[in-house]
Each structure stands twice: as C-alpha cells, then as structure tokens.
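As a plain string of letters, each chain reads:
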Amino acid sequence: MTKKKSYTFRKFINDIHLWLGLISGIILFIICFTGTVLTYEKEIKAFFSEEPQIEAVGEKQAVAALAAKLTAHTAGLVTRVSILETAEAPYAFTVKKDPKERRGTTYLMNPYTGEILQNKENPADGFMMTMFKLHRWLLLDIPWGRPIIGIATIIFIILSISGLVLWFPKKLKWKNLKHGLKIKTDANWKRINHDLHNTLGFYACIFLLVMGLTGLCWSFEGYREGMGNILGTKVFGNRDISFSENTLAKEGTPISYDKAIALANNNFSFSGKLTLSFPSEKTPYYTMQKYDSNSWLPNAADSYIVDLYGNTLHKELFREKPLNVQIATMIKPLHTGDIFGGFSKFLYFIACLIGTSLPISGTLIWWNKLKKNKGKQPSPNKKIKAN
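Figured I'd write up the structure that's included with this text. Worth saying up front: this structure is predicted, and the values here are computed from it rather than measured.

Here we look at the sheet that holds strand β1 (residues 77-83)
Two pairing modes exist for strands in a sheet, parallel and antiparallel, and in both the strands are linked by backbone hydrogen bonds.
Okay, so step 1: On the basis of which strands lie adjacent, the open sheet formed by 8 strands has the order β4-β3-β2-β1-β5-β6-β7-β8 and antiparallel pairing. With partners counted over all chains shown, the strands left at the sheet margins are β4 (116-117) and β8 (312-316), one partner each.
Okay, so step 2: With 4 bridges joining them, strand β7 (residues 301-307) and β8 adopt antiparallel strand pairing. By the bridge assignment for β8, valine 306 is matched with threonine 312.
Okay, so step 3: On top of the sheet, helix α3 (residues 63-74) reaches β1, β2 (91-96), β3 (105-109) and β4; it is set at about 45 degrees to β2, its chief contact.

This is the structure in structure tokens:
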C-alpha cells in the first residue's frame, strides 16, 4: 500500500503560482507586451516623425515676443516653454485653452523667425496611444480598466515572488542551483520551454518586481498615498512650494522671461533642457527646471524659483535632496526604465519581453504536465493483478 504524499508548503506555493498564472495569463500578457512596446515609445515616435528643421541664422527673438505671438494665434494661455541646448532646436511652448486644463497642447516655434512650425501628424501616435490605453486600462473605461490592471499587477507581484521561491531547489547546493541559471538548448522542446520559463523568469524577476510595485501607484490612490507615507514624502514629486505674501517682493523692476532663463543658466552651468513655467495669479513667480544631459540620471532635474523681480526664492539640487525625496521623484522613471537612460531602458525592454513570454511558457508547462498525468492513468477496463 503506497503512502499518501503530504501537502507541503512548496506544493502550496506551486499551486498558487499555477492557478493565479492561468487565471491572469491573458491580461498579464497584454500588460507586458504593451510595456515592452512603450519602453521605446519616444524612439518609435521619433523614427516615424518628421521633425521640423530650423537654421540658426541671426539672433533669437525674446521669449516674451514669441509667447505673445502664440497667444494671438491660439487665443489660449501660454504657460511654459522648454528650451534645448542645441542652437537648431525649436522652442516648445505649452498652451492651455482653459487654465484648469491639466497638460495643454505643445507648439513648436522657430526662435529666430518666430514661425509657428506645423507638426505633421505622426503615424505612430495612434498606435502608441492604443498601446498606452491597453497598458493602463485594457481599452476599457478608466473606472473599470484601472482596478482590473491594478488587481492583475498585484497577481503579477505574487507570481514573481512565488516564482522566485520555486526557482530555489529543495537542497541548496551549487550543483542544484546552477541548473536554474542556464538553458539546456540540446534538450527536447518541453525541457527548453521549462528552462526558458524558470531561468529567464529568475533573471528578469527583480526588474518585474520594480515595475509591478511602482505600477500600482497609477492604479490605486490608497497605495500611492501609502507608499508616500512609507517614504515620508508625496509620490510623483507633487510637493507644492508656496510662499507667503511677506516673502514675495512688491517693488522693483520686473524681469523678462529671458532674464529669468539667464538666471537659471547662471546657477546651473551644465548643458541640458531647461523648462520655464510662467508666472500666474496662483503662482506669481518663475519656476525653472534644468536637466543635465550628461548626468547618469537624465530625468533628474535641478529646480530654481525667482520672484517677478529676479530675487531667488528657492534653489534645489537633485543630488542634495534627501534619499526618500529622490526615490519619490523618480517613481515614473523607475517604472518605465528611463531612470538611467538608454542602458536601463534596454534592460527593461528585455525584462518586459521575458515577462511577455512567461504566461505562454507557463501555460505550456501546465499543459504538458496535464497530458503526462492523463497518460499515466490506468484504463478503466484494465484488470489489476493481485499479488
């Protein structure tokens, strides 16, 4: 009489990994596939776009004059300008039709001639927007799609952790561990498929966990607030800086937009993109951010704020921020892979590609075991001989 096998903790983890993977496989495939594409969203759009070409001839016009011309053309509110360090790059102005509008529309202008450059429709825009909506909401209405993606992401995190637990052999010896670090390419396809799932999943695990843990910030507000409480600061860097009436000067000679830009460049001598947010009734001061193009963190910006008369109100270098604030500021680059520029984007692309394959290889492993177990079952008509 055979002894009945006990239900072990490892078997419990395996069952959780199996059934959660089967239940969420299609959604996780979509999330990872679209994430793979979106990793190089900017590069894909740039490949299909026809960037307007300008010649650096003569003197650049004042930013105020360019903004005034754009205001007359759009009948909107010009809120900020982005300036690249290259002389041939156009200025990018943000225009809002309504002050309450969140993002606004970007208009490119030739700073030498004041010409408003017509941006030709990018054939990749529609495709990338579809990928984005699939990634964030499964093309559903946001109130429905967002929590579905959030729940799938939680499952994704559980699968990553449980998969890591299962990767470790029962006996922790090097000769057992090394089998999980390589793919046996000369084996049959079932073994290769198992190794692809087991080994590639292990190598991509840390990146997939980072993507999942940061991705939940967009799905659940409570999670985002909880992460902010753990870090001790708001996530996404939405730390509004306000100044009292006594802080703001009330007399003097107002400075121009170009003077404010010059002040920022004097304080930040490195080359890189500079953004200038114009004063408004709500924020009666200039807010500037500059990105160091040679930094190992290209998405990290140094901030500089001056009042209407050029008096410094606030100056903040990214490298001098507390670590918790740096982490909170970089949640989005941590999720998308932009944090270290091209190198980290490539690693994220490979990790997302592996993540896309895991639901497929995992389902094949389950299907092969299912067929194998069915093949082992004795026929009901077969007689069993007594000993």
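A look at the packing of helix α2 (residues 41-48) against helix α4 (residues 123-137)
Okay, so step 1: With their axes 8 Å apart at the nearest point, α2 and α4 run at an angle of 155 degrees to one another. Classed by the angle they form, the pair α2 and α4 counts as roughly antiparallel. Here the hand of the crossing between α2 and α4 comes out right-handed. Listed contacts from α4 to Glu41, Ile44, Lys45 and Phe48 of α2 are Pro123, Ala124, Asp125 and Met128.

Comments concerning the environment of serine 24
Okay, so step 1: Here serine 24 is to be found in helix α1 (residues 9-39).
Okay, so step 2: The spatial distance from the C-alpha of serine 24 to the C-alpha of methionine 109 is 47 Å, given a sequence separation of 85 residues.
Okay, so step 3: For serine 24, the contacting residues outside a window of four places in its chain are Ile155 and Leu159.
Okay, so step 4: A polar contact of 2.7 Å, which involves the side chain of serine 24, links it to the backbone oxygen of leucine 20.

Topic: the environment of leucine 84
Okay, so step 1: Here leucine 84 is to be found in the loop between β1 and β2.
Okay, so step 2: The class for leucine 84 is partly exposed, based on a relative accessible area of 41%.
Okay, so step 3: Sequence separation between leucine 84 and alanine 351 is 267 residues, and the spatial gap between their C-alpha atoms is 31 Å.
Okay, so step 4: Those residues in contact with leucine 84 that lie beyond four places of it in its chain are Ala89 and Lys273.

Digging into a nonpolar patch on the surface
Okay, so step 1: A surface patch of nonpolar side chains, about 460 Å² in accessible area, is lined by Phe29, Phe33, Trp189, Ile360 and Leu364.
Okay, so step 2: When contributions to the nonpolar patch are tallied by element, the ones reaching two or more residues are α1 and α12 (342-376).
Okay, so step 3: Looking at the element boundaries, phenylalanine 29 is found in helix α1.

What to know about α1
Okay, so step 1: In this model α1 runs just 37 Å from its N-terminal to its C-terminal C-alpha over 31 residues, more than 12% under the 45 Å that 1.5 Å per residue would give.
Okay, so step 2: At glycine 25, α1 shows its maximal kink, close to 65 degrees.

Considerations on the packing of aromatic side chains
For any pair of aromatic rings, the description rests on two quantities: the centre-to-centre distance and the angle between the ring planes.
Okay, so step 1: A complete count under the given rule lists 16 aromatic pairs for this structure.
Okay, so step 2: Taking 4.9 Å as the distance between ring centres and 85 degrees as the angle between the ring planes, the aromatic pair formed by tryptophan 167 and phenylalanine 168 counts as edge-to-face.
Okay, so step 3: Taking the relative accessible area as the measure of exposure, tryptophan 167 reaches 9% and is therefore buried.
Okay, so step 4: Linked through ring pairs, Trp167, Phe168, Phe202 and Tyr203 together constitute an aromatic cluster.
Okay, so step 5: The residue whose ring lies beneath lysine 273 is tyrosine 291, and the NZ or CZ to ring-centre distance is 5.3 Å.
Okay, so step 6: Stacked on the ring of phenylalanine 270, the Lys or Arg lysine 290 has its end atom at 5.3 Å from the ring centre.

Definitions and cut-offs
Residues numbered from 1 in each chain as written. Predicted model: local features only at pLDDT ≥ 70, side-chain atom pairs only at ≥ 80, totals over all residues. Heavy atoms only, no water. Pairing = 2+ DSSP bridges. Helix = DSSP H or I, 4+ residues; strand = E, 2+ residues; numbered from the N terminus. Contact = heavy atoms within 4.5 Å. Axes fitted to C-alpha atoms, helices over the stretch in contact; angles between N-to-C directions. Parallel < 35°, antiparallel > 145°, perpendicular 65-115°, else oblique. Left-handed = near helix turned anticlockwise from the far one by under 90°. Polar contact = N/O pair within 3.5 Å; in protein donor to acceptor, adjacent residues only side chain to side chain. Buried < 20%, exposed > 50% of the residue type's maximum accessible area, 1.4 Å probe, protein only. Patch = residues over 30% accessible without salt bridge, like charges linked within 9 Å, V, L, I, M, F, W, Y side chains within 5 Å. Areas by Shrake-Rupley, 256 points an atom, 1.4 Å probe, with all protein chains shown as cover. Salt bridge = Lys/Arg side-chain N within 4 Å of Asp/Glu carboxyl O. Expected span 1.5 Å × (residues − 1). Bend = angle between axes of the 7 residues up to and from the residue. Phe/Tyr/Trp six-rings, centres within 6.5 Å; stacked < 30°, edge-to-face > 60°. Lys NZ or Arg CZ within 6 Å of the ring centre and 35° of its normal.

So, to be careful, I would describe these as geometric facts and stop short of saying anything about function.
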